[in-house]
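Topology and contacts: notes
What follows is the residue order along each chain.
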Amino acid sequence: MNGEHKIITQSNPFIPEPARIVRTYHLTEDVKFFQVRIVDMEKALSFQYKAGQFAMISVLGAGEAPFSISSTPSRPGLLEFCIRKAGSVTNAIFRLKENGLVGIRGPYGNGFPVEKMKDKDILIVVGGLGTAPLRSVLLYCLDNRDRFRRVIVLHGAKKPAEMIFREEFLSLKQREDLECHLAVDADDTGKWTENVGVVTTLFPLVNDIDPANTYSLVCGPPIMYKFVLKELVKLNIPKDQILMTLERRMKCGVGKCGHCAIDYIYTCLDGPVFTYWDVLHMRELI
Amino acid sequence: MRIIKLKKDNLFPFLETISEKTALWAPVKKGDKHVFKETTDFSQIEMNTTRTILPPRKILLPPAFSMFNTNEEEYKEDFSHAAKKILFGVHPCDIHGLLILDNFHKQAFLDPYYLKARENTLIIGLSCWPDEYCFAKSTNTHIIEEGYDLFLTNLEDFFLVWIGSSQGDDLIRLKPELFDENLTDKDIQSYLKWQTERDKAYKWDLNFTAMPDLVELKYNDQLWEKLGHACLACGSCSNVCPTCNCYNIMDKQFLGGKDGKIVRHWDACTLEEYSEVAGGENFREKRSDRLKLFYTHKLQAYISKYGKPSCVGCGRCIVTCPVGINVRTVGNALLGEEEDTFWARLQKEVTK
């Protein structure tokens, strides 16, 4: 949690900045990739964010909702999002084609503490759409590869067709400076050459963890946390070095509308990245 | 702070003067209750009312108001809810409620919709006399030292007028001849007597100091299940609370055109869909969990963060909740002193 909040877009924090969809395609049947650029070039380039932060995306008439930024701050200018069709706002976003306009405001939230993660091993565990926020920090680590020691990715999906950024991860596997393990719960294609099983079955493939010097980053469906956290604790990774990013209902993103409140904190200001230590001391987090 | 005197007969001429150019809102009768309403007929103003149905925040952030007028090209900011106003007759507890909201809306990001309305609203406070539901003395919000432009203490023969801001002073200077700068010893004595008697008039008390610990210690207590069972999840407690602030934002598109509005309207954490995200996951599906959030926020969370409860002792939840769940019944239950009739009824309803 950090206390530093900076507004990057307009002075009225509720005014969105028009942004154009540069590229969009299906990642899975119900998840689409959106690459957008803020129309005002100067603002597009000065939109500085941290891996793990989120933005509010709006479509006039349909409304506004929070989305994790999936692109990395080390590649400024374009913002990327993975969006699942789940409600009225995402339905409206899905109807938009390339060159269509959305509103963007942010970035909001605390993001990952990349400074603290410097010179450490990074163990990323993702499941399903949890890939969206963690792709940002993974690409950040790869773009600044010499700042980190080992980078390990464990990525799980229900089946091959539902693996978010499947091709991207299959090609990342070729990199020698990255340990990338992929798994699907069940292979319904007969062509899957990677692992079969839930994401926790990938843990035995990771050798010689140096727990005191490891930061583990986790994001996935609620059920995944329960099992993954158990594994990470078993590995003796300190609880304040286990980071997770959480989903909540949000209407404002600026700590006012109340929907994301947990205890005395607001997920949009003090989260969405929390440590396992926070989880043990704050009720209702997971 | 400067304190002066206003003769009772001079109140209406004073209100007349200050409301010449600015709308005056004051408590007036509605049925057998009172509401803040824009008024020009000062004889309608209720000087001895207790709480209004809704707290004065309804004037700063109305139940629904437009944030933006939109068309295909732009978002045009709409601050029509924040027109200049004078708010007369605000009691100390409600001014404390506004101070809590002031603080909240200045945290992290400034909320222009609240702050603009606050800037444009002059507050003329008015002393009050507690009824059987008031407990502002427990929250230390029965006295007020800031947050108003003028404050009138309603004594037997005259008003003592506290001047709390430069703008308040400007109001006085519109007709200084209505006021008397010279306070006699007798005046001061009558104020002290009033204060002593008023403080004695509070009929019940709640130990707020114990609340943060108790909320923590009783977090998994059965009492929440019982309360959740009785709660109607109607959101009335939030609507009437002077410190509740939660809201939703909705896009309103006008039929047949490209124009629309973005509307902000009150929400309540006790309503079912409050913590629901797209896709159907609801982080607080149970009514008991939502009630717990409400009371954790009022009795514990705000204290942890800012050192005082976000309850100002106005008693609105007590007179409003249709099933009797309020700061008094919940507070007493946390203290282990269940109110017999309420709990007997609850017990009956739960075991039925």
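Time to look at the pairing of strand 12 (residues 260-266) of chain B. Residue and element names in this part refer to chain B. Taken together, the 6 bridges between strand 4 (residues 64-70) and strand 12 define a ladder with antiparallel strand orientation. Looking at strand 12, one finds that Asn-69 is bridged to Lys-261. In the sheet, strand 11 (residues 247-253) pairs with strand 12 via 7 bridges, with the strands oriented antiparallel. Directly across from Ile-249, in strand 12, lies its bridge partner Arg-264. Here strand 11 folds back onto strand 12 in antiparallel fashion, the turn holding 6 residues, of which Gly-256 has a positive phi close to 75°.

All names here are of chain B. Segmentation of chain B into domains returns domain 1 (2-60 + 81-200) and domain 2 (208-351). A C-alpha centroid distance of 28 Å is found between domain 1 and domain 2. In this complex, domain 1 contributes 21 residues to the contact, which on the side of domain 2 involves 19 residues. If one sorts the elements of the side of domain 1 that touches domain 2 by residue count, helix 3 (residues 92-105) sits on top with 8 residues. Class assignment of the residues belonging to the side of domain 1 that touches domain 2 gives a composition of 12 nonpolar, 6 polar and 3 charged.

An α-helix turns once every 3.6 residues. As a result, residues three or four positions apart point the same way. Residue and element names in this part refer to chain A. End to end, helix 5 (residues 222-234) covers 19 Å across 13 residues, agreeing with the expected 18 Å (1.5 Å per residue, within 8%). Each element contacted by the buried residues of helix 5 is listed here: strand 7 (121-127), strand 11 (214-219), strand 12 (242-245) and helix 7 (276-281). Count one or two residues on from helix 5 and you reach Asn-236, which has phi positive near 70°.

All right, on to the nonpolar core then. Inside soluble globular proteins, nonpolar side chains tend to come together where they are buried. Counting 124 residues, the largest nonpolar core has Ile-57, Ile-122, Ile-124 and Leu-217 of chain A as its most contacted members. Looking at which element gives the most residues to this core, the answer is helix 3 (residues 131-143) of chain A, with 7 residues. Other than its neighbours up to four places away in sequence, Ile-124 of chain A contacts Leu-134, Leu-138, Ile-152, Val-153 and Leu-217 of chain A. Formed by 43 residues, the second largest nonpolar core is a distinct cluster that contains Ala-82, Val-90, Cys-128 and Ile-144 of chain B.

Residues and elements named next belong to chain B. Interhelical geometry of helix 8 (residues 222-230) versus helix 10 (residues 287-306) gives an angle of 110° and a closest axis separation of 8 Å. Considering the angle they form, helix 8 stands roughly perpendicular to helix 10. Every residue of helix 10 that contacts helix 8 at Trp-224, Glu-225, Leu-227 and Gly-228 is listed here: Arg-287, Ser-288, Leu-291 and Lys-292. Counted by class, the contact of helix 8 with helix 10 contains 3 nonpolar, 2 polar and 3 charged residues.

With that out of the way, let us pick up helix 3 of chain B. All names here are of chain B. Between its first and last C-alpha, helix 3 extends 20 Å over 14 residues, near the 20 Å set by a 1.5 Å rise per residue. Here helix 3 lies mainly inside the structure; 11 of its 14 residues are buried. Among all positions in helix 3, only Pro-92, Cys-93, Asp-94, Ile-95, His-96, Gly-97, Leu-98, Ile-100, Leu-101, Phe-104 and His-105 are buried. Buried residues along helix 3 sit against helix 2 (57-60), strand 6 (85-90), helix 4 (112-119) and strand 7 (121-126).

In this model, Gly-106 of chain A is joined to Pro-107 of chain A through a cis peptide bond whose omega is 0°. Mapping Pro-107 of chain A onto the fold places it in strand 6 (residues 101-108). Omega for the bond connecting Gly-271 of chain A with Pro-272 of chain A falls within 30 degrees of zero, at 5°, which places this linkage in the cis form. For Pro-272 of chain A, the position within the fold is in the loop between helix 6 (267-270) and strand 15 (273-275). Despite not being glycine, Asp-119 of chain A shows a phi value in the positive range, around 60°. With respect to the helices and strands, the residue Asp-119 of chain A is situated in the loop between strand 6 and strand 7. According to the C-beta neighbour criterion, Asp-119 of chain A is exposed, with 10 such atoms within 10 Å. Backbone geometry places Ala-108 of chain B, a non-glycine residue, at a positive phi of 55°. Residue position: Ala-108 of chain B is located in the loop between helix 3 and helix 4. Under the C-beta neighbour-count criterion, Ala-108 of chain B is labelled buried, with 21 such atoms within 10 Å.

Parameters and conventions
- Residues numbered from 1 in each chain as written.
- Chains lettered and ligands numbered in written order.
- Predicted model: local features only at pLDDT ≥ 70, side-chain atom pairs only at ≥ 80, totals over all residues.
- Pairing = 2+ DSSP bridges.
- Helix = DSSP H or I, 4+ residues; strand = E, 2+ residues; numbered from the N terminus.
- Domains from an automatic or database assignment.
- Contact = placed C-beta atoms within 7 Å.
- Nonpolar A, V, L, I, M, F, W, Y, C, P; charged D, E, K, R; others polar.
- Expected span 1.5 Å × (residues − 1).
- Core = buried A, V, L, I, M, F, W, Y, C linked by C-beta atoms within 7 Å.
- Buried ≥ 20, exposed ≤ 12 C-beta atoms within 10 Å, placed from the backbone.
- Axes fitted to C-alpha atoms, helices over the stretch in contact; angles between N-to-C directions.
- Parallel < 35°, antiparallel > 145°, perpendicular 65-115°, else oblique.

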